[in-house]
Amino acid sequence: MVQHLHRGPRSALLEGLTWLEYAFQPAGQPAPANAAYGQQRHSANVVLASQNQPPKSCESDGVIGEHHLPVAVYTADCLPVLFADPQQQQVAAVHAGLKGTLGGVLNNAVDRLLERGASRETLRVAIGPAIGPCCYELGNDLVTQMRDRSDLPPLQWSTQQPHNAQAIRPQARAQQQGIWFDLPHLARSLLLQRGIQAEHIEVVKVCTYCMAEPGSSYRYNTHFASGYQSRFSWIRTRG
Ligand SMILES: [Zn+2]
């Protein structure tokens, strides 16, 4: 992963695909012109780009690319997830927080892409900057609820806060004697469960709380009232 000042972090997986363009933009930059993105509600709704032209035309947390338009999501600590399939040159952008991830937004995106000609063998997924297990504390009750669900893959968490050697500011301090939860790992595991190849899933390991540019984290703002701005992540096929 290489950090670019103006474009945000890059994905080695997507970088090799010359038929597309994408970015995990730094927080606070505007969405690209003509980008299609939904009114995000932590839902499992995935729609076509034309249904979000103009932006926020409908409530949805995933957008499938059409006609070379950029499809985008805006996030703070949630996962921005970009999909790309070389076979039919399909792309999608998905906003996946804990609620949307548990609600099936990633599975829905995979299913819709498969319907449109993508295949499990070739579909690539890049998971961008989001709050990491180094800073994402959850209450024990939530983890108990998740463990009670038989459809979920094994969860990854720790009662000890993981140290992040790459942090550029202090990691989150424990607020509730909870556990430190790995949300990107849950997303990756769900994608594996859906049949996506392990080598086609990349987690760009940038924690919005302790590693990304200032103003990236909703939770940091909750702790310090420092303000935050959304990060737009987008992808499109070249015309
Ligand atoms: Zn962190």
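Residues numbered from 1 in each chain as written. Predicted model: local features only at pLDDT ≥ 70, side-chain atom pairs only at ≥ 80, totals over all residues.

- Labelled according to an unreviewed UniProt entry, the protein chain appears under the name Purine nucleoside phosphorylase, originating from Candidatus Pantoea floridensis.
- Quoted verbatim from the Sequence similarities (unreviewed entry) heading of the UniProt record, the comment on the protein chain is "Belongs to the purine nucleoside phosphorylase YfiH/LACC1 family." (UniProt positions renumbered as here; feature names shortened; annotations may be inferred.)

## Notes on the environment of A130
Phase 1 of the analysis: Mapped onto the elements of the fold, A130 is located in the loop between β9 (124-127) and β10 (137-138).
Phase 2 of the analysis: On a C-alpha basis, the gap between A130 and M211 in space is 9.8 Å, while along the polypeptide they are 81 residues apart.
Phase 3 of the analysis: Each residue touching A130, except ones within four places of it in the same chain, is listed here: T75, D77, C78, L79, P80, L183, P184 and T208. (Helix = DSSP H or I, 4+ residues; strand = E, 2+ residues; numbered from the N terminus. Contact = placed C-beta atoms within 7 Å.)

## A closer look at unusual backbone geometry
As a rule of thumb, non-glycine residues mostly have phi less than zero, and peptide bonds are mostly trans rather than cis.
Phase 1 of the analysis: Backbone torsion omega between Q53 and P54 reads -5°, so that peptide bond is classified as cis.
Phase 2 of the analysis: For P54, the position within the fold is in the loop between β4 (46-48) and β5 (62-64).
Phase 3 of the analysis: If you check the backbone angles, H42 has positive phi at about 55° while not being a glycine.
Phase 4 of the analysis: Topologically, H42 is positioned in the loop between β3 (20-24) and β4.

## As for the pairing of strand β8 (residues 90-96)
Phase 1 of the analysis: Most of β8 is tucked away: seven of the seven residues are buried.
Phase 2 of the analysis: Because side chains alternate across β8, one face comprises the buried residues Q90, A92, V94 and A96, and the other comprises V91, A93 and H95, equally buried.
Phase 3 of the analysis: Inspection of the sheet shows β5 paired to β8 by three bridges, in the antiparallel sense. By the bridge assignment, V63 is partnered in β8 with A93.
Phase 4 of the analysis: Where strand β7 (residues 79-85) meets β8, seven bridges bridge the pair, whose relative direction is antiparallel. Looking across to β8, one finds that P80 is bridged to H95.
Phase 5 of the analysis: Connecting β7 to the next strand, β8, in antiparallel fashion are four residues, including Q89 with a positive phi near 50°. (Buried ≥ 20, exposed ≤ 12 C-beta atoms within 10 Å, placed from the backbone. Pairing = 2+ DSSP bridges.)

## Some thoughts on the sheet that holds β3
Phase 1 of the analysis: The three strands lie next to each other as β3-β14-β6, forming an open sheet whose pairing is antiparallel. Sheet topology places β3 and β6 (71-75) at the edges, where each strand pairs with a single neighbour. With direction set aside, neighbouring strand axes in the sheet form an average angle of 10°.
Phase 2 of the analysis: Where β6 meets strand β14 (residues 231-237), five bridges bridge the pair, whose relative direction is antiparallel. Residue pairing for β14: Y74 is matched across the bridge by F232. (Axes fitted to C-alpha atoms, helices over the stretch in contact; angles between N-to-C directions.)

## Some thoughts on the sheet that holds β10
Phase 1 of the analysis: Spatial strand order, β10-β12-β11: three strands in an open sheet with antiparallel pairing. Both edges of this open sheet fall to β10 and β11 (157-158), since each of them pairs with a single strand only.
Phase 2 of the analysis: Alignment of β11 against strand β12 (residues 179-181), held across two bridges, turns out to be antiparallel. Looking across to β12, one finds that W157 is bridged to F181.
Phase 3 of the analysis: In the packing of helix α4 (residues 140-147) onto the sheet, contacts are made with β10, β11 and β12, and the angle to β12 comes to roughly 55°.

## Remarks on the environment of A36
Phase 1 of the analysis: Looking at where A36 falls in the secondary structure, it is placed in the loop between β3 and β4.
Phase 2 of the analysis: A C-alpha to C-alpha distance of 10 Å links A36 and V47, two positions eleven residues apart in sequence.
Phase 3 of the analysis: Sequence-distant contacts of A36, that is, excluding residues within four places in its chain, are made with A49, N52, Q53, P55, V63, L69, V71 and A72.

## Some details on the nonpolar core
As a rule of thumb, nonpolar side chains are buried together in soluble globular proteins.
Phase 1 of the analysis: In terms of nonpolar packing, the biggest core is built from 73 residues, with V71, V81, F83, A92, A93, L106 and A187 touching the most fellow members.
Phase 2 of the analysis: Filtering out sequence-adjacent residues up to four positions away, A92 remains in contact with G62, V63, I64, G65, V71, F83, A109 and L113. (Core = buried A, V, L, I, M, F, W, Y, C linked by C-beta atoms within 7 Å.)

## Considerations on the confidence of the model for the protein chain
Phase 1 of the analysis: The pLDDT averaged across the protein chain works out to 94; a share of 97% of its residues lies at or above 70.
Phase 2 of the analysis: Contacts for the low-pLDDT stretch residues 1-5, under 50 throughout, to residues beyond four places or in other chains number seven contacts. (pLDDT = per-residue confidence, 0-100.)

## Things to note about helix α5 (residues 183-193)
Phase 1 of the analysis: Buried within α5 we find L183, P184, L186, A187, R188, L190 and L191.
Phase 2 of the analysis: Just downstream of α5 lies G195, where phi reads positive at about 100°.

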